[in-house]
Amino acid sequence: MASILDSDSSASFDKSQFHHTPSYCEENVYLLCKKLCADGGADVSDLFVVFISNEHKHIPLWHQKASHRADGIILWDYHVICIQRKKEGKSVDLVWDLDSTLLFPSTLASYVSESIRPSFELFSEFQRVFRVVHAPLFLCYFASDRRHMKDSEGNWMSPPPKYKAIVAEDGTVHNLNQYIEMSTKDVLKDVGEDSVNAVFTKQLGVLVGESQLEQFFINL
C-alpha cells in the first residue's frame, strides 16, 4: 500500500478496507490506527486520536452516516476520529472518520468546515471539546470492556464487535470514561508550543476548543 503521505490529498480510500462496528467509534479508530501503520499508510508518530464531547454529552456533527437528515447532522454523546498530521513538505493534515459521508480521508480544513462548522452559532451546552491524544500513547494505554454499551439489565444497546475487548498494555480493562470526560472550562488557554508539546507526554492528551483545533495542528 502506498503511503497516504505520498499520495494526492484528494484521494479517497475504500472504507470497507477498515473494520467498523456501529456505535463503537473508539474501537474503530483504535483498529484504524493499527491498520494504517501496518499497511504503511502512516507512521504512528503522525497519528492523533481525537475524542469529541463535552460535559453535557451532547455534541452536533454534520455529514454523519447515522443521521436521517439531508444535512447529515446528528447529536452524539461523544465521537472519535483520527487526525494524521502533515509531513514536512506535504500540504494538509487529514481526518479519518469512518462514520462520515465526506471524502475518506478528508482534509482537516474541509472536515472542520463541513462537519464541525465552528461558525455555526450553538447554545453553550452543544459546544464541542476535543481531547487530542497521541496515537502511540492511545494504543498503549486505552482499554474498553464495553460496559458503557450495556443497559441496566445487562443487555447490549448495540451489538458489540466479535473480536475480544481491548486491554491496555498494563492490564487495565476499562478506562474509556477517562477519555470522554471533558469540560469547556478545561481547554487549553492557548495553543502555543509548550501547550502543544504536552500532547506527546500526557496519557490522556490535551483538551482544545473547537476554535483552536486547526491552529493546534498547525503548531505541531
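Quick caveat: nothing in here was measured; it's all calculated off a predicted structure. (Residues numbered from 1 in each chain as written. Predicted model: local features only at pLDDT ≥ 70, side-chain atom pairs only at ≥ 80, totals over all residues. Heavy atoms only, no water.)

Asker: I'm lost on the layout of surface pockets in this one. Help?
Answerer: To find leftover empty space, a probe the size of one water molecule is rolled over the atoms. The computed volume of the largest pocket comes to approximately 210 Å³. Within the lining of the largest pocket, the residues separate by chemical class into six nonpolar, six polar and two charged. (1 Å grid on protein atoms, 1.4 Å probe; cavity = no way out; pocket = protein on both sides within 12 Å on 5 of 7 lines; lining within 4 Å. Points joined across faces, edges and corners; volume = space filled by probe spheres on them. Nonpolar A, V, L, I, M, F, W, Y, C, P; charged D, E, K, R; others polar.)

Asker: Any chance you could explain the pairing of strand β8 (residues 206–209) here in plain terms?
Answerer: Regular strands have side chains that alternate between both faces of the sheet. Every second residue of β8 is oriented toward a common face, with Val206 and Val208 on one face and Leu207 and Gly209 on the other, all of them buried. One ladder, built from four bridges, connects strand β7 (residues 129–134) with β8; its direction is antiparallel. For Phe130, the partnering residue across the bridge sits in β8 and is Val208. (Buried < 20%, exposed > 50% of the residue type's maximum accessible area, 1.4 Å probe, protein only. Helix = DSSP H or I, 4+ residues; strand = E, 2+ residues; numbered from the N terminus. Pairing = 2+ DSSP bridges.)

Asker: I would appreciate a short explanation of helix α1 (residues 25–38) in the present structure.
Answerer: Since the α-helix turns once every 3.6 residues, residues separated by three or four places project in the same direction. Taking 1.5 Å per residue as the helical rise, α1 with its 14 residues ought to reach 20 Å, and the 20 Å between its terminal C-alpha atoms agrees with that figure. Among the residues making up α1, those that are buried are Cys25, Glu26, Glu27, Asn28, Val29, Tyr30, Leu32, Cys33 and Leu36. In the core, the buried residues of α1 are packed alongside β1 (47–53), β4 (79–84), β5 (94–96), α3 (135–141) and α4 (176–180). (Expected span 1.5 Å × (residues − 1). Contact = heavy atoms within 4.5 Å.)

Asker: It is not clear to me how the pattern of salt bridges should be interpreted in this structure. Could you clarify?
Answerer: Between side chains of opposite charge, a pair can form when the charged atoms approach closely. As enumerated under the stated definition, the model contains eight salt bridges in all. For Asp39, the salt bridge identified is with Lys35, shortest N-O distance 2.7 Å. (Salt bridge = Lys/Arg side-chain N within 4 Å of Asp/Glu carboxyl O.)

Asker: How should I be thinking about the confidence of the model for the protein in this particular structure?
Answerer: Parts of the model with low pLDDT should not have their predicted coordinates read in detail. Mean pLDDT over the protein works out to 92, with 94% of the residues at or above the 70 mark. Within the model, the stretch residues 1–10 combines pLDDT values under 50 with 23 contacts to residues more than four positions away or in other chains. (pLDDT = per-residue confidence, 0-100.)

Asker: Explanation requested: the side chain of Ser115 in the structure shown.
Answerer: When you line up the elements, Ser115 lands in helix α2 (residues 108–116). For Ser115, a relative accessible area of 0% gives the class buried. Setting aside residues up to four positions removed in sequence, Ser115 forms contacts with Pro60, Leu61, Trp62, His63, Ser100, Leu102 and Ser110.

Asker: Any chance you could explain the sheet that holds strand β6 (residues 106–107) here in plain terms?
Answerer: Strand pairing in a sheet relies on backbone hydrogen bonds. The paired strands run either parallel or antiparallel. Reading across the sheet, the six strands line up as β6-β5-β4-β1-β7-β8 and stay open at both edges, with antiparallel pairing between neighbours. If you trace the sheet from one side to the other, it starts and ends with β6 and β8, each paired once. The pairing of β4 with β5 spans three bridges and is antiparallel. Within the sheet, the bridge partner assigned to Cys82 lies in β5 and is Trp96. With respect to the sheet, α1 is in contact with β1, β4 and β5, its orientation differing from that of β4 by roughly 20 degrees. (Axes fitted to C-alpha atoms, helices over the stretch in contact; angles between N-to-C directions.)

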